[in-house]
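Observations on the model geometry
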Amino acid sequence: EALDVMVVGSCMTDLVSQAPRLPKAGETIHGHKFFIGFGGKGANQCIQAARLGAKTAMVCKVGKDFFGDNYIQNFKDNGVNTDFVGQTSDAATGAASIIVNSAGENAIVIVAGANMLLGSEELQNALPAIKQAKVLVCQLEISPQTSLLALQMAQENKVKTIFNPAPAIPDLDAAFYRASDVFCCNESEAELLTGSSVVNVEDAHRAGRELLKRGCRSVVITLGPQGCVVLEAEESASKHVPTTAVTAVDTTGAGDSFTGALAFYMAHYPTMPLEEMARRANRVAGVSVQAVGTQASYPLRKDLPAELL
Ligand code: RIB
Ligand code: NA
């Protein structure tokens, strides 16, 4: 059965501490809450797409350990196909240490572990499924060569690609741009990739034009409460898509909620204007920031108004 969305990417166990603020170097501070959750940008995006109703599969690698076993169960609980989820005894399941402050902002350290062992062999095994998918999504928490190869395999088979260059690397291989139908990043990633500051909508328009020149079909730059900007190669205008204000309690994984939602809309409404998909994805991500946790805060289809589905 053909898939809507395939994600080739990371799984991380999120170890989250809530504290009044982020600690400084060498400092110990008291937090008030600790919890463990399912995270990793790839899996987050896949879970959000699945919760909106997309038929999804994850191509990833976890460790042969407690966290890895739990993660596979999490995919099953969310209806994600696990045929291409590998388990290795050569590395531990990826982990993310996350601190969230009272403003809902975070600082994250990831130890990718097993994620880095996902390679071309696993992609070859998944190729028959990739060929039939509508949309393929990649990020940068696995080996960059694996991400690039996955995007290229999809592109060769006329599967739409979304690339989320997160966490960003300054000297991103130019081939990533050419392999992206939608190049979707946030303001800080856009800043790192273009080398010029991106703090407002005007900056984002400028950065977007620069990224578009590098060869992607379209660019979306998310700006948190300021919404996002959307640029397409065929259209000269760069569009600002504002969003409705919400009170953020935890913004961790909001960008992944956005990207996963975008993948769902691209698969379900291939002719919908990208601007409209981005407007809806903003609203979905807006729901996620109003609850604590990463995947734990992602809305299900049944929790959303019909106009977003
Ligand atoms: O984008 C949020 C994610 O980044 C977290 O879930 C954490 O696992 C890190 O990968
Ligand atoms: Na959240």
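1. Concerning the environment of D90
Within the secondary structure, D90 sits in the loop between strand 5 (85-88) and strand 6 (95-100). Owing to a relative accessible area of 68%, D90 belongs among the exposed residues under this scheme. The spatial distance from the C-alpha of D90 to the C-alpha of V62 is 9.9 Å, given a sequence separation of 28 residues.

2. What to know about the pairing of strand 1 (residues 5-8)
Along strand 1, one buried face is formed by V5 and V7 and the opposite face, lined by M6 and V8, is buried too. Here four bridges tie strand 1 to strand 4 (residues 56-63), and the two strands are oriented parallel to one another. Among the inter-strand pairings, M6 is bridged to a residue of strand 4, identified as A57.

3. Observations concerning the coordination of the sodium ion (ligand 2)
Protein-derived coordination of the sodium ion (ligand 2) comes from D250 (O), S288 (O), A291 (O), G293 (O) and S297 (OG), at a distance range of 2.4 to 2.7 Å. Each donor residue of the sodium ion (ligand 2) lies on one chain, and together they are spaced D-x37-S-x2-A-x1-G-x3-S. The buried category is assigned to S288, whose relative accessible area is 1%. When its relative accessible area of 5% is taken as the criterion, S297 is described as buried.

4. Focus on the packing of aromatic side chains
All chains considered together, the criterion is met by seven aromatic pairs. Consider the rings of F66 and F67, whose centres lie 5.9 Å apart with planes at 55 degrees: the pair is tilted. A residue is classified by how much of its surface remains accessible, and F67, at 29% relative accessible area, is partly exposed. Chaining the aromatic ring pairs together yields one cluster made of F163, F176, Y177 and F183. In this structure, R280 packs its charged tip against the face of Y265, placed 6.0 Å from the ring centre. Between R280 and the ring centre of Y269, over which it is positioned, the NZ or CZ distance is 5.9 Å.

5. Quick notes on helix 9 (residues 274-288)
Its 15 residues place the ends of helix 9 21 Å apart at the C-alpha level, agreeing with the 21 Å of an ideal helix rising 1.5 Å per residue. Close packing links the buried residues of helix 9 with helix 1 (41-52), strand 10 (182-186), strand 11 (218-222), strand 12 (228-232), strand 13 (239-241) and helix 8 (254-268).

6. A closer look at the sheet that holds strand 6
Spatially, the four strands line up as an open sheet ordered 3-2-6-7, and their pairing is mixed. Each edge of the open sheet is held by one strand with a lone partner, namely strand 3 (33-39) and strand 7 (106-111). Going across the sheet, the axis of each strand differs from the next one's by a mean of 20 degrees, ignoring polarity. With six bridges connecting them, strand 2 (residues 12-18) and strand 6 associate as parallel partners.

7. With respect to the sheet that holds strand 10
Pairing between the strands of a sheet comes from backbone hydrogen bonds, and it takes one of two forms, parallel or antiparallel. Judged by pairing direction, the sheet is mixed, and its nine strands sit side by side in the order 5-4-1-8-9-10-11-12-13 without closing on themselves. Unpaired on one side and paired on the other, strand 5 and strand 13 mark the two borders of the sheet. Taken over all neighbouring pairs, the strand axes of this sheet differ in orientation by 20 degrees on average, direction set aside. Sheet strands touched by helix 6 (residues 187-194): strand 10 and strand 11. Its angle to strand 10, the strand with the most contacts, is close to 105 degrees.

8. Looking at the side chain of T161
For T161, the location among the structural elements is in strand 9 (residues 160-163). Judged by its relative accessible area of 0%, T161 falls in the buried class. Engagement of the side chain of T161 in a polar contact is seen with the backbone oxygen of A179, the distance being 2.7 Å. Here T161 is in contact with L136, L151, A154, Q155, A179, S180, D181 and V182, once residues within four sequence places are set aside.

9. Details of the environment of E234
Mapped onto the secondary structure, E234 falls in the loop between strand 12 and strand 13. As for E234 and S218, which are separated by 16 residues in sequence, their C-alpha atoms are 8.6 Å apart.

10. Quick look at the packing of helix 1 against helix 8
Where helix 1 contacts helix 8, the two axes come as close as 7 Å, and the packing angle between them is 50 degrees. Taken together, the axes of helix 1 and helix 8 lie oblique to each other. Note on packing geometry: the crossing formed by helix 1 with helix 8 is right-handed. Residues K41, N44, Q45, Q48, A49 and L52 of helix 1 touch helix 8, and the partners they reach there are D256, S257, T259, G260, A261 and F264. Class assignment for the residues of the contact of helix 1 with helix 8 results in four nonpolar, six polar and two charged.

11. Here's the deal with the confidence of the model for the chain
Looking at the chain, the pLDDT average stands at 97 and 100% of residues meet or exceed 70. For this predicted complex, the interface confidence comes out at an ipTM of 0.98, alongside a pTM of 0.97.

12. A short note on the site of ligand 1
Near ligand 1 there are 13 residues, and of these D14, G40, K41, E141 and D256 occur at the shortest range. The separation between an oxygen atom of ligand 1 and a polar main-chain atom of G40 is 2.9 Å. At a separation of 3.1 Å, an oxygen atom of ligand 1 approaches a polar side-chain atom of N44. Grouping the constituent residues of the shell around ligand 1 by class yields four nonpolar, five polar and four charged.

Reading the values: rules and limits
- Position numbers for residues start from 1 in each chain and track the written sequence from start to end.
- Chain labels run from A onward and ligand labels from 1 onward, assigned in the order the entries are written.
- For this predicted model, a pLDDT threshold of at least 70 governs which residues receive local features, and a threshold of 80 or more governs which side-chain atom pairs are given and counted, while totals over whole chains, interfaces and linings are taken from all residues.
- As a rule here, side-chain values come from all non-hydrogen atoms in the structure, and water together with hydrogens is ignored.
- Numbering of helices and strands runs from the N terminus; a helix is a DSSP stretch of H or I covering at least four residues, while a strand is a stretch of E covering at least two.
- Burial classes follow relative accessibility: with a 1.4 Å probe on protein chains only, a residue under 20% of its type's maximum area counts as buried, one over 50% as exposed, and anything between as partly exposed.
- In this description, strands pair whenever DSSP reports at least two bridges between them.
- For Na, K and Ca the donor cut-off is 3.2 Å, and for all other metals it is 2.8 Å, counting N, O and S atoms only; because water is absent from this set, sites may look incomplete.
- Each pair of aromatic rings taken from Phe, Tyr and Trp, with Trp reduced to its six-membered ring, is defined by centres within 6.5 Å and is described as stacked if the planes are under 30 degrees apart, edge-to-face if over 60, and tilted in the remaining cases.
- In this scheme, Lys NZ or Arg CZ marks a charge over a ring once it lies within 6 Å of the ring centre and within 35 degrees of the ring normal.
- Each helix should span, by expectation, one fewer than its residue count multiplied by 1.5 Å.
- The contact definition used throughout considers only heavy atoms, calling two residues in contact when any of these lie within 4.5 Å.
- To get an axis, fit a line to the C-alpha atoms, keeping to the stretch in contact for a helix; angles then go from 0 to 180 degrees between the N-to-C directions.
- Between N or O atoms, a polar contact is any pair within 3.5 Å; within protein, one atom must be a potential hydrogen donor and the other a potential acceptor, and residues adjacent in sequence are included only when both atoms are from side chains.
- With respect to orientation, any angle under 35 degrees is reported as roughly parallel, any angle over 145 as roughly antiparallel, any angle of 65 to 115 as roughly perpendicular, and every other angle as oblique.
- Throughout, a crossing is termed right-handed when the near helix is turned clockwise from the far one, and left-handed when it is turned anticlockwise from it by less than a right angle.
- Nonpolar residues are Ala, Val, Leu, Ile, Met, Phe, Trp, Tyr, Cys and Pro. Charged residues are Asp, Glu, Lys and Arg, and all others, Gly as well, are polar.
- Per residue, pLDDT measures the predictor's confidence, with a range of 0 to 100.
- Near is defined per residue: the residue qualifies when any heavy atom it owns lies within 4 Å of the molecule or strand.

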